[in-house]
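Examining the three-dimensional arrangement
Below, each chain spelled out in residue letters.
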Amino acid sequence: MTTGTCPHIDTISEVKLPEVFECAECVKIGARWVHLRSCQICGVTLCCDSSPNKHATKHAHFTGHPVIASAQPGERWLYCYPDDAFVQY
Ligand SMILES: [Zn+2]
Ligand SMILES: [Zn+2]
Ligand SMILES: [Zn+2]
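All figures in this text were calculated on a predicted structure; none of them were measured in a lab. (Residues numbered from 1 in each chain as written. Chains lettered and ligands numbered in written order. Predicted model: local features only at pLDDT ≥ 70, side-chain atom pairs only at ≥ 80, totals over all residues. Heavy atoms only, no water.)

A short note on the overall build of the protein
Scanning the protein for helices and strands turns up three helices and five strands. Across the protein, helices and strands are ordered from the amino to the carboxyl terminus as α-α-β-β-α-β-β-β. Computed over its C-alpha atoms, the radius of gyration of the protein comes to 12 Å, within 12% of the 12 Å expected for a compact globule of 89 residues. Dimensions of the protein, computed from the C-alpha atoms along their principal axes, are close to 40 × 25 × 20 Å. Going through the 89 residues of the protein one by one, you find that 42% of them count as buried. In the protein, the proportion of contacts linking residues at least 24 apart, taken out of those at least 6 apart, comes to 45%. When the accessible area of the protein is evaluated, it comes to approximately 5,300 Å², of which 51% is carbon and sulfur surface. Taken together, the 7 basic and 9 acidic charged side chains of the protein have centroids lying 8 Å from each other. (Helix = DSSP H or I, 4+ residues; strand = E, 2+ residues; numbered from the N terminus. Rg over C-alpha atoms; globule rule 2.2 N^0.38 Å. Buried < 20%, exposed > 50% of the residue type's maximum accessible area, 1.4 Å probe, protein only. Contact = heavy atoms within 4.5 Å. Areas by Shrake-Rupley, 256 points an atom, 1.4 Å probe, with all protein chains shown as cover. Lys, Arg positive; Asp, Glu negative; His and termini not counted. Charge placed at Lys NZ, Arg CZ, Asp CG, Glu CD.)

Okay, structure coming up:
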């Protein structure tokens, strides 16, 4: 992937997508989610910022893992938190 602005996305050649379409944290607490995002560093799938618990953003801030991909069927994009970089693939 080439963004020209984000060194994190530039190193990604294969996008990680989930095998199970659920938020790994919401299922533990019985919460609901809206959309799903997959961390491109460790592969965990968590919920988006429209979801009550915003687990994907919390994960990025807590772990320092910068890049997520949309795990929604039909959506093909990556986002980097520290660079605020968005790219479709
Ligand atoms: Zn970046
Ligand atoms: Zn969640
Ligand atoms: Zn991660």
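That was the structure; now back to the text.
A closer look at helix 3 (residues 55-63)
For helix 3, the set of buried residues is H55, A56, T57, H59 and A60. A positive backbone phi angle near 80° is found at G64, which sits one or two residues after helix 3.

Remarks on the coordination of the zinc ion (ligand 1)
Only C6 (SG), H8 (ND1), C80 (SG) and D83 (OD) from the protein reach the zinc ion (ligand 1) as donors, at distances of 1.9 to 2.2 Å. When the donors of the zinc ion (ligand 1) are listed by position in the chain, the intervening gaps give C-x1-H-x71-C-x2-D. Of this pair, C6 sits in the segment before helix 1 (7-10) while D83 sits in the loop between strand 4 (77-80) and strand 5 (85-88), placing them 77 residues apart in sequence. For C6, a relative accessible area of 1% translates into the label buried. Taking the relative accessible area as the measure of exposure, D83 reaches 32% and is therefore partly exposed. (Donors = N, O, S within 2.8 Å, 3.2 Å for Na, K, Ca; no water.)

Points about the pattern of salt bridges
One pass over the structure, following the stated rule, counts two salt bridges. When the shortest N-O distance is used, the salt bridge between E75 and R37 registers 3.9 Å. Taken together, the positions of E75 in the loop between strand 3 (67-70) and strand 4 and R37 in strand 1 (residues 36-39) put the pair 38 residues apart, joining distant regions of the chain. (Salt bridge = Lys/Arg side-chain N within 4 Å of Asp/Glu carboxyl O.)

Note that all results are geometric; they support no functional claim without further evidence.
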